[in-house]
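Fold and geometry: a report
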Amino acid sequence: MQIYEFKSNGSEETLSIAKNLGNRLEPNDLILLEGDLGAGKTTFTKGLAAGLDIQRNVNSPTFTIIKEYHGRLPLYHMDVYRVENEFEDLGIDEYFDRDGVTVIEWAHLIEEQLPNESLVIYLYHEGEDRRKIVFKPTGARYEALCKEFWNENFSD
Ligand SMILES: Nc1ncnc2c1ncn2[C@@H]1O[C@H](COP(=O)(O)OP(=O)(O)OP(=O)(O)O)[C@@H](O)[C@H]1O
Ligand SMILES: [Mg+2]
């Protein structure tokens, strides 16, 4: 399986990478965000929202689980960090086919409720403002998305 790895040297760079990806997103895309506490999952989501032409400020939905925003496509932003057990029925599957983009922070905590195909994005601390970002696509749609993203931004 192909994975894509790159560095970010500050939140602006992460926002810009995410915005670029957000520009390419299509109805019913699913992005799963993983990685260290405070590594930048919500920051990445802000960038995705910018790429979806969402004007409202995106912030962490920890206490509401799901927040919905409207732009070129709807964005369903979830943070399942506080979910008590992986089988707790959040009804999140209802969001997957509503023609928006679903983004889930800490998605592995509800692994059982997720479809097989998604783009998993890992963010790791590598110093104060430095992060490693890894894209791990599953399925033809996400593989094509990553390949296009990579070719247009990182191949020389
Ligand atoms: N290269 C970088 N990429 C992303 N964020 C960065 C970077 N450098 C510094 N930061 C800062 O790190 C913090 C990341 O916070 P953020 O809420 O996005 O992380 P998170 O992974 O969503 O946290 P949580 O685990 O609590 O959900 C922000 O304050 C951001 O400004
Ligand atoms: Mg967060």
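Structure report, in brief. (Residues numbered from 1 in each chain as written. Chains lettered and ligands numbered in written order. Predicted model: local features only at pLDDT ≥ 70, side-chain atom pairs only at ≥ 80, totals over all residues. Heavy atoms only, no water.)

**Remarks on the coordination of the magnesium ion (ligand 2)**
Ideal coordination angles are 109.5 degrees for a metal with four donors arranged tetrahedrally and 90 or 180 degrees for a metal with six donors arranged octahedrally. Our working rule: Sodium, potassium and calcium take a 3.2 Å donor cutoff, other metals 2.8 Å, and in both cases only N, O and S atoms count; water is not among them, so sites may look incomplete. The numbering of helices and of strands both runs from the N terminus, where a helix is a DSSP run of H or I of at least 4 residues and a strand a run of E of at least 2. Here's how the labels work: a residue is buried when its accessible area is under 20% of the maximum for its type, exposed when over 50%, partly exposed in between, all with a 1.4 Å probe on protein chains only.
Protein coordination of the magnesium ion (ligand 2) is provided by Thr42 (OG1) and Glu105 (OE), with donor distances spanning 2.1 to 2.2 Å. With threonine 42 in helix H2 (residues 41-51) and glutamate 105 in strand S5 (residues 101-105), this residue pair connects regions lying 63 residues apart in the sequence. This pair shows no difference in class: threonine 42 is buried, exactly as glutamate 105 is.

**So, the packing of aromatic side chains**
Definition in use: Within 6.5 Å between ring centres, the rings of Phe, Tyr and Trp (the latter by its six-membered ring) count as paired, and their orientation is classed by plane angle as stacked under 30 degrees, edge-to-face over 60, tilted in between.
By the definition in use, this model includes 12 aromatic pairs. Consider the rings of phenylalanine 44 and phenylalanine 135, whose centres lie 6.3 Å apart with planes at 85 degrees: the pair is edge-to-face. Residue phenylalanine 44 is located in helix H2, and its partner phenylalanine 135 is located in strand S7 (residues 131-138); the two are separated by 91 residues in the primary sequence. Residue classification places phenylalanine 44 among the buried residues on the basis of a relative accessible area of 0%. Ring geometry for tyrosine 122 against tyrosine 124: centres 6.2 Å apart, planes inclined by 0 degrees, an arrangement best described as stacked. Counting every residue linked through ring pairs, the aromatic cluster contains Tyr4, Phe6, Phe44, Phe135, Phe149, Trp150 and Phe154.

**Let's talk about the sheet that holds strand S2 (residues 30-35)**
Our working definition: Think of it this way: DSSP has to see at least two bridges between two strands before they count as a pair. Each axis is a line fitted through C-alpha atoms, taken for helices only over the stretch in contact, and angles between the N-to-C directions span 0 to 180 degrees.
With mixed pairing, seven strands are arranged side by side in an open sheet as S1-S7-S6-S2-S5-S4-S3. The open sheet is flanked by strand S1 (4-8) and strand S3 (66-70), the only strands paired with a single partner. Neighbouring strand axes in the sheet, compared pairwise and without regard to direction, differ in orientation by 20 degrees on average. Taken together, the five bridges between S3 and strand S4 (residues 74-79) define a ladder with antiparallel strand orientation. Along S4, the bridge assignment pairs tyrosine 69 with leucine 75.

**Quick notes on the side chain of threonine 102**
To keep things clear, this is the line we draw: We call two residues contacting when some pair of their heavy atoms lies within 4.5 Å.
Relative to the helices and strands, threonine 102 resides in strand S5. Those residues within four positions of threonine 102 in sequence are excluded, and the remaining contacts are Asp29, Leu30, Ile31, Tyr76, Met78, Tyr95 and Phe96.

**So, the pairing of S1**
With burial as the criterion, only one face of S1 is covered, namely that bearing Tyr4, Phe6 and Ser8; the residues Glu5 and Lys7 on the opposite face remain uncovered. Pairing analysis gives five bridges linking S1 to S7, with the strands arranged antiparallel. The residue of S7 that forms the bridge with serine 8 is arginine 131.

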